[in-house]
Amino acid sequence: MTPDLSQAIASGATVVTPNRRLALALKGAFDDAQVASGHIAWNSADILPLSAFVGRAYEDALHSDLARPLDLPLLLAPAQELALWEQIIRGSDAGNRLLALPETARLACDAWQTAQAWRLASRIKDYPLNEDSRAFLEWMRRYERASKSDGNTDAARLPDVVAPLFGRGHFRTPPTLVYYGFDVITPQHIALFEALKLAGCNVVSAGPPPRRGDARRTACKDNRDEIRCAAAWARMQLERGVSSIGIVVPDLARHRAAIVRAFGATMAPGNLLPGALKQALPFNVSLGLPLTSYPLVHAALNVLVLAGREIDFEQASRLIRSPFLAGGDAEMALRARLDAALRERMEPVIRLERLLALITRSAAGCPVLAQRLGALAEYRKANLFGAQMPSVWARRISEALATAGFPGERSLDSEEYQTLKKWHETIAAFAALDRVVARMGYGEAISRLRRMATGELFQPETPVVPIQILGVFEAAGMTFDRLWVMGLSDEAWPAAPRPNPFLPLELQRAAGVPQGSAAEAIELARQLTRHWLTAADEVVLSYPQIENDREFKASPLIEAIPEQPVTPKKYAGLRDVIHAARSIEWMLDPIAPALEKGADVSAGTAAIKDYAACPFRAFARHRVGAEGLAVPHTGLDALERGTLVHHLLAQVWARLKNKTALDAISAADLDLLLEHAAEEALARARRDRPEKLSGRFAHIEKHRLVCLARDWLESERGRSDFTVVATEDKRRVEIGGLAFNSRLDRVDALPDGRHIVIDYKTNAPSPGALLGERPDEPQLPVYLTTAEPDAAAVAFAQVKTGDMKFVALARDADLLPGAKAFSGSPYNKQHVSWQDLVAAWRADLGRLAAGFATGGAAVDPKNYPHTCRYCDVQPFCRIYERLENTLIDDEDAV
């Protein structure tokens, strides 16, 4: 800050800036100057954004003796203004054809603000109009009439409202007004400044004093490298004692997340370690995030959605585990287990009542959650129906959130507290929509509230920090000790023009609207680039050479700057911090504690199947209980459909008993039997899936089951005589030291006493899946060697429309249609006879079972990487990190 400006401020001058950040920086600089001059106390500097200055002038007039005689219009809040635009567009002919009305309203509002600032409103009709411009002209006229009839104005017209008031009555007019750091001056600004001059105010322009500006240009490999280099460079400057560092990013919105990650990892990598004491980060990002992106607000909106008609399960899942509900900390572990259990039974979309019923029946036990959601359900019934004014909905929304226990029981940190305050302000702004919006239903109210929160960019306040990460326009008028401007490639800078589609392009070009034409965009970019070159003692201008396989050069606007590589120091990242803190103990530990003798294995044959695929998978799933979370799905999945087929055919054969009865039953009686069996199968499944197996879907599924079973039974009529001696038969089996209960789908007996063990499949694997030292499908061999040792065949019964068949390994050729005798099958190369095969099964399966029982837990996938493709314990075994490889596609496998 120059001494002249500091003296003017101390003498009572008002300074206006293009943005709040520059105003705060100037206030800080003024205070520092006063301290340096030895002052102990001084008047607060009157430095504020121009929009705040206009707003203050309006408030002064509104509460002065000028308000009544001048009949000042009432100012619409931004949310009210946008709601009025939506209402006007919705009521127009063009609005009826729109698919994204809220977005159109926001764009129309931007066009209105541009038209006011650049004096375009009265000139639109004089230019050629396309369909969009004609629609906007109609909307603009309706908006003007509506706001005039209701005595309203908006922020876009507020400078024109207050300009005539300066110098009248007791209205306060500053003796001197300094407009500081403006890169763009609009005709509206000029008119306001002229009005101030006529009122006796001394209006002067000022800008930052030029710094030394030792500039250099540097090329980076890509965007990621550019961000990393800028972060490391900024830390180097901090270590050298530099107190003011600017990082300017032309496309900050696009790169914000990557920049925050890179700067956080460079400045304080230890912050990401579990349990670490968080260090205050030395940087601040000027661009806020949508309010809905903050977890606290996201949880609040999920509560409100849950209180409506229905909610996606993934949203409900996040809500259940959220710390922003009552009991969130106390029941944290219980709610995590509850969420895992609910995933097994939930649908992708769920209602509050259904969720509450499942929580109440769950063994996880979350009494606080159940009580709060029960209270929310009661509140919903009593208060969340019908059409109400926004103010009524605002009150009921707050009450509904309180009923659910929002924002939780723990103390909020600073960021969360500020977020909650902003959320309350958003609800208050929603309540103020009574001025422009009629009654609405609950669903529309929540939708509008969500849009308001999404459109609200919010950044929690932080302490003063040395590194400022800014967008192009936020850096206007700012000076630094060091400055890095990134992203200045020939494609990105100058930025492409972005004219508003609702305003005639020729009009925007003629008026000189920035970003309204290529010429204006280039000129603005030149002006900004000149400012950067004198905004710091040392300036680095960088650009990426490659992005998405496209090569870039430096922007023409910085080609004259000497190129000089920047080689910042390499700082330890999170991985390096973890590695430095290591305490490594090496051990070879493929053996877990053995099972106790006689211990029951609830997993049954699944433990043997998993052990054959990978011993560690079996250990993780069936000894430790590690498993992936289920994903709720629409309708029935393949497993559920297969289970229905199992139950239906078990019911059918429990009644028919044998082929003779099948041949004798009439078509009508068979249909009745199948109808009854299908209904029983559905009723059995409906206990766990009431939502999925109800209404028309249940009717369709029943019809499918009946048709499928009828086709299967028709195929079975082609067999020789047999009797079904067991269906869904529970057996206690022991093998290799394991004891468990098994359930045989079906066992057939032929007239000569030979038995066949059958397992229903909707898509049967090949017989080869039953063979080998580590068979992919060991279930049937386990049943044969333990429960049915004298069986002459094992078979998958493929119950599949259009492809009904048995896939079998059989001792004799006359056991099943299409099954060859084992001695004549292509699988007899491994085993010379059926007896040899059965002996091999006993040995191999006994070895696998014994390995599991004795604690075998080696990470040894049978066929890497295919065995690991859909395994849900990969994060546990870390197979890819061990082998330093990644999953490859089938076509890449060798």
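Our structure's up above, just so we're on the same page.
First, a word on what this report is: a plain description of the structure on this page. Keep in mind that what you see is a predicted model, and the values were worked out from it rather than measured.

Reading the values: the criteria
Residues numbered from 1 in each chain as written. Predicted model: local features only at pLDDT ≥ 70, side-chain atom pairs only at ≥ 80, totals over all residues. Heavy atoms only, no water. Helix = DSSP H or I, 4+ residues; strand = E, 2+ residues; numbered from the N terminus. Rg over C-alpha atoms; globule rule 2.2 N^0.38 Å. Buried < 20%, exposed > 50% of the residue type's maximum accessible area, 1.4 Å probe, protein only. Phe/Tyr/Trp six-rings, centres within 6.5 Å; stacked < 30°, edge-to-face > 60°. Salt bridge = Lys/Arg side-chain N within 4 Å of Asp/Glu carboxyl O. 1 Å grid on protein atoms, 1.4 Å probe; cavity = no way out; pocket = protein on both sides within 12 Å on 5 of 7 lines; lining within 4 Å. Points joined across faces, edges and corners; volume = space filled by probe spheres on them. Nonpolar A, V, L, I, M, F, W, Y, C, P; charged D, E, K, R; others polar. Expected span 1.5 Å × (residues − 1). Arc of directions from axis to C-beta. Contact = heavy atoms within 4.5 Å. Pairing = 2+ DSSP bridges. Axes fitted to C-alpha atoms, helices over the stretch in contact; angles between N-to-C directions. Polar contact = N/O pair within 3.5 Å; in protein donor to acceptor, adjacent residues only side chain to side chain.

Quick word on the overall build of the chain
Looking only at helices and strands, the chain features 32 helices and 23 strands. Against the globule reference of 29 Å for 894 residues, the chain gives a C-alpha radius of gyration of 37 Å, more extended than a compact globule. Counting only C-alpha atoms and orienting by the principal axes, one finds that the chain spans roughly 120 × 65 × 55 Å. Burial analysis of the chain (894 residues in total) assigns 48% to the buried set.

Considering the packing of aromatic side chains
In the structure shown here, the tally under the stated rule is 20 aromatic pairs. Aromatic side chains Phe53 and Phe166 sit 6.1 Å apart centroid to centroid with 5° between the ring planes, which places their arrangement in the stacked category. With Phe53 in helix α3 (residues 50–62) and Phe166 in the loop between α8 (158–162) and β5 (176–180), the pair connects residues that are 113 residues apart, well separated along the chain. Look at Phe166 and you get buried, because its relative accessible area is 7%. A centroid spacing of 5.5 Å and a plane angle of 75° characterise the contact between Trp139 and Phe502, whose relative ring orientation is edge-to-face. Taken together, the residues span a long stretch of sequence, with Trp139 in helix α7 (residues 131–149) and Phe502 in the loop between β15 (480–485) and α20 (505–511) at a distance of 363 residues. Trp139 sits in the buried class, given a relative accessible area of 2%. Given the relative accessible area of 6%, Phe502 is considered buried. By the ring-pair criterion, three or more aromatic residues cluster together here, those being Trp85, Trp112, Phe136, Trp139, Tyr143 and Phe502.

Focus on the pattern of salt bridges
Between side chains of opposite charge, a pair can form as their charged atoms come close. If you walk through the whole model with that rule in mind, you get 59 salt bridges. Glu86 is the salt-bridge partner of Arg90, the closest N and O atoms lying 4.0 Å from each other. Here Arg90 and its partner Glu86 are both found in helix α5 (residues 78–90), 4 residues apart, which amounts to about one turn of the helix. Among the ionic pairs, Asp339 bridges to Arg343, the shortest N-O distance being 3.2 Å. Here Asp339 pairs with Arg343, and both are found in helix α14 (residues 332–343), just 4 residues apart, close to one helical turn. Of the two residues, Asp339 and Arg343, neither departs from the other in class, the shared state being buried. The network of salt bridges with shared partners includes Glu86, Arg90, Glu444, Arg448 and Arg451.

Observations concerning empty space enclosed by the protein
The gaps left among the atoms become clear once a water-sized probe is rolled over them. Scanning the entire structure with this criterion turns up 2 cavities of 30 Å³ or more. Forming the walls of the largest cavity are Cys614, Phe616, Arg617, Val859, Pro861, Thr867, Cys868, Cys871, Val873, Gln874, Cys877 and Ile879. For the lining of the largest cavity, the secondary structure elements donating two or more residues are α24 (615–624) and α31 (874–877). In terms of residue class, the lining of the largest cavity is made up of 9 nonpolar, 2 polar and 1 charged. Approximately 30 Å³ is the volume found for the second largest cavity. Considering the residues around the second largest cavity, the lining is formed by Val645, Leu648, Leu649, Leu705, Leu708 and Ala709.

Quick word on helix α21 (residues 518–533)
End to end, α21 covers 23 Å across 16 residues, agreeing with the expected 22 Å (1.5 Å per residue, within 8%). All of the buried residues along α21 are Ala521, Leu524, Ala525, Leu528, Thr529, His531 and Trp532. Along the axis of α21, the buried residues cluster in a sector spanning 155°; they form a single face. Looking at the buried positions of α21, the neighbouring elements they touch are β8 (245–248), β15 and β16 (536–544).

Points about the sheet that holds β8
Across the sheet, 6 strands lie side by side as β7-β16-β15-β8-β14-β9; this open sheet has parallel pairing. Of all the strands in the sheet, just β7 (214–220) and β9 (283–285) have a single pairing partner and so form its edges. In this sheet, adjacent strand axes meet at a mean angle of 15° when their direction is disregarded. As paired strands, β7 and β16 are joined by 7 bridges and run parallel to one another. Looking across to β16, one finds that Arg216 is bridged to Val540. Helix α11 (residues 252–267) contacts β8, β9 and β14 (467–470) of the sheet and is inclined by roughly 165° relative to β9.

A look at the pairing of β15
Taken across its 6 residues, β15 has 5 buried, putting it largely inside the fold. Here 5 bridges tie β15 to β16, and the two strands are oriented parallel to one another. Paired with Phe480 across the two strands is Ala536, which belongs to β16.

Side note on the environment of Gln508
Positionally, Gln508 belongs in helix α20. For Gln508, a relative accessible area of 1% translates into the label buried. Setting aside residues up to four positions removed in sequence, Gln508 forms contacts with Pro499, Asn500, Leu503, Val513 and Gly516. Within polar-contact distance, the side chain of Gln508 engages the backbone oxygen of Leu503 at 2.9 Å.

Side note on helix α17 (residues 390–403)
It helps to recall that an α-helix has 3.6 residues per turn; residues three or four apart then point in one direction. Across its 14 residues, α17 extends 20 Å between first and last C-alpha, which sits within 8% of the 20 Å expected from 1.5 Å per residue. Regarding α17, the residues found buried are Pro390, Val392, Trp393, Ala394, Arg396, Ile397, Ala400, Leu401 and Thr403. Buried-residue contacts for α17 involve α12 (295–306), α16 (367–383), α18 (414–431) and α19 (442–455). Just downstream of α17, Gly405 is the residue with a positive phi angle, here 90°.

Digging into the environment of Gly408
With respect to the element layout, Gly408 can be found in the loop between α17 and α18. For Gly408, a relative accessible area of 24% translates into the label partly exposed. Separated by 81 residues in the primary sequence, Gly408 and Gly327 have C-alpha atoms spaced 6.9 Å apart.

A short note on unusual backbone geometry
Geometrically, the link from Phe406 to Pro407 is a cis peptide bond, its omega value of 10° lying close to zero. Examined against the element boundaries, Pro407 turns out to sit in the loop between α17 and α18. Backbone torsion omega between Tyr864 and Pro865 reads 5°, so that peptide bond is classified as cis. Even without being glycine, Asp549 reaches a positive phi, approximately 65°.

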